[in-house]
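Structural overview for review
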Amino acid sequence: MSRRLRFVDSHTGGEPTRLLLDGIPKPGVGEIREWYLEVRRTHGWLLAAAVNEPRGSDILVGGVYWPAADAASAGEVMFFNNVGLLGMCGHGTIGLVATLAHLGRLGPGRHTLQTPVGEVRALLHDDGSVSVENVPAFRHRKDVAVDVPGYGHFVGDVAWGGNWFYIVEHAQDRIDLSNRDLLTELCWAIRIELRARGITGRGGTEIDHIELSSARDAAPGNDARNFVLCPGKAYDRSPCGTGTSARLACLAADGVLAPGQAWRQESVTGSVFEGRFEPGGIDDDGTAWIRPSITGRAQVTAVGELLIDDAELAAYHWE
């Protein structure tokens, strides 16, 4: 049997998003945060087929979109990449809003979206740019040191911005596209070392995003340039919305960025997100959190239909 998945592709600051509009049924029980395992079990192979070769590539991020059941929400979205489901995706949310605007499903103004890790608000500006008010972000641990075989000693912060990050102020190799292979292998080695040492996010959750940051390598007018390695070993071409959110949480915790103050985060490709935060509160673990906001712009690049045969089931799987 051949399945048909309608999709819209968009492009946000160098990073593509493929939004699936139908073909993945919404689980009938509970809320979106409870659907994660069911969607992975029943349709994981289909999502993998939608973004991996021959229909996609390692850098493509997908999103399953379900329209809202009530007027108070713009709908529910579950993001995924080449190797599995994601908690949140900042560039993908910007792409989703641009896609829904392209389809005439929403206009300028504030819109609420539900994700597996919490409610996200998005503001579609009159000029087409999008500000994403992300889930609460916080720093879990400061100055976590690791010795990485073959690379040396690194110190970074463990932070949450919708996904778990290990963020390193990197002064060694220039954060530049010409170094992308070297930076990829370095970040992958750091991730392996974190896993080997049992260094995790809250509750033992694996840290699956590694972020290198450098003020030295940023263009004039930008605050820092980053290189973010995602779970499937593809680097983020955008400045990474959840990574920027985690970075803002660390800056806020250190008192070096004030509420409402702009932080211009540049990606390894030179694209820029503008981040700000508002104070949040103290959670049950005694950790201060912030409400980050990320502004960027997306362009719709394709509208189409994917054809996937059930016979392909064995070819696509997530570990």
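Residues numbered from 1 in each chain as written. Predicted model: local features only at pLDDT ≥ 70, side-chain atom pairs only at ≥ 80, totals over all residues. Heavy atoms only, no water.

Another aspect to go through is the layout of surface pockets. In this structure, the largest pocket spans a volume of roughly 700 Å³. Along its surface, the largest pocket is lined by 30 residues, and Val83, Gly84, Leu85, Asp208 and Pro231 are the ones closest to its centre. Listing elements by their share of the lining of the largest pocket, those giving two or more residues are α1 (36-51) and α3 (180-196). Among the elements that line the lining of the largest pocket, the one with the most residues is α1, at 3 residues. Considered class by class, the residues forming the lining of the largest pocket number 12 nonpolar, 11 polar and 7 charged. Taken as a whole, the second largest pocket spans an internal volume of roughly 190 Å³. For the second largest pocket, the lining is made up of 13 residues, of which Asp157, Ile167, Glu169, Arg247 and Asp254 are closest to its centre. Put simply, the parts of the chain that give the lining of the second largest pocket at least two residues each are β8 (138-148), β9 (152-160), β10 (164-169) and α4 (241-254). Looking at the lining of the second largest pocket element by element, the count peaks at 4 residues for α4. Broken down by class, the residue content of the lining of the second largest pocket amounts to 6 nonpolar, 1 polar and 6 charged. (1 Å grid on protein atoms, 1.4 Å probe; cavity = no way out; pocket = protein on both sides within 12 Å on 5 of 7 lines; lining within 4 Å. Points joined across faces, edges and corners; volume = space filled by probe spheres on them. Helix = DSSP H or I, 4+ residues; strand = E, 2+ residues; numbered from the N terminus. Nonpolar A, V, L, I, M, F, W, Y, C, P; charged D, E, K, R; others polar.)

The subject of this paragraph is α4. Here α4 contains 14 residues, and its C-alpha end-to-end distance of 20 Å stays within 8% of the 20 Å for a straight helix at 1.5 Å per residue. Among the 14 residues in α4, 11 count as buried, and that is most of the element. For α4, the full list of buried residues reads Gly241, Thr242, Gly243, Thr244, Ser245, Ala246, Arg247, Leu248, Ala249, Cys250 and Leu251. (Expected span 1.5 Å × (residues − 1). Buried < 20%, exposed > 50% of the residue type's maximum accessible area, 1.4 Å probe, protein only.)

So, about the packing of aromatic side chains. Applying the stated criterion across every chain yields a total of 4 aromatic pairs. Where Trp160 meets Trp164, the ring centres are 5.4 Å apart and the plane angle is 55 degrees; that geometry is what we call tilted. Residue Trp160 is classed as buried on the basis of its relative accessible area, which comes to 15%. Taking the relative accessible area as the measure of exposure, Trp164 reaches 6% and is therefore buried. Among the aromatic residues, those joined into a ring-pair cluster are Phe138, Trp160 and Trp164. The lysine or arginine in question, Arg18, covers the ring of Phe7, its NZ or CZ lying 4.6 Å from the ring centre. Geometry around Tyr235 places Arg237 over its ring, the cationic atom sitting 3.7 Å from the centre. (Phe/Tyr/Trp six-rings, centres within 6.5 Å; stacked < 30°, edge-to-face > 60°. Lys NZ or Arg CZ within 6 Å of the ring centre and 35° of its normal.)

Turning our eyes to something else, we now look at the pairing of strand β15 (residues 288-296). Put simply, side chains in a regular strand alternate between the two faces of the sheet. Relative to β15, strand β7 (residues 130-133) is paired through 4 bridges, and the arrangement is antiparallel. The partner of Val130 across the bridge, within β15, is Gly296. In this structure, strand β14 (residues 272-282) lies alongside β15, joined through 8 bridges in antiparallel fashion. Bridge pairing in β15 places Arg276 opposite Ser293. Between β14 and β15, which pair antiparallel in sequence order, lie 5 residues; one of them, Gly286, sits at a positive phi of approximately 80 degrees. (Pairing = 2+ DSSP bridges.)

This next bit is on unusual backbone geometry. Most peptide bonds adopt trans geometry, and most residues besides glycine take a negative phi value. Following Glu53, the chain continues to Pro54 via a peptide bond in cis, the omega torsion being 10 degrees. Its place among the elements puts Pro54 in the loop between α1 and β3 (61-66). Positive phi is not limited to glycine here, since Lys233 has a value of about 70 degrees. Locating Lys233 in the fold gives a position in the loop between β12 (224-229) and α4. Residue classification places Lys233 among the partly exposed positions, given a relative accessible area of 33%. Phi is positive for Cys240, close to 70 degrees, though the residue is something other than glycine. Along the chain, Cys240 turns up in the loop between β12 and α4.

Before going further, it helps to examine the environment of Leu46. Within the element layout of this structure, Leu46 appears in helix α1. By relative accessible area, Leu46 is classed as buried at 0%. Placed 46 residues apart in sequence, Leu46 and Gly92 show a C-alpha to C-alpha distance of 19 Å. Those residues in contact with Leu46 that sit more than four places away from it in its chain are Arg3, Leu5, Gly23, Ile24 and Ile308. (Contact = heavy atoms within 4.5 Å.)

One turn of an α-helix holds 3.6 residues; hence residues three or four places apart share an orientation. Between the first and last C-alpha of α3 there are 24 Å, a value that for 17 residues agrees with the 24 Å anticipated at 1.5 Å per step. Considering only its buried residues, α3 is in contact with β8, β9, β10, β11 (209-214) and β12. Remark: Gly198 follows α3 within two positions and exhibits a positive phi of approximately 75 degrees.

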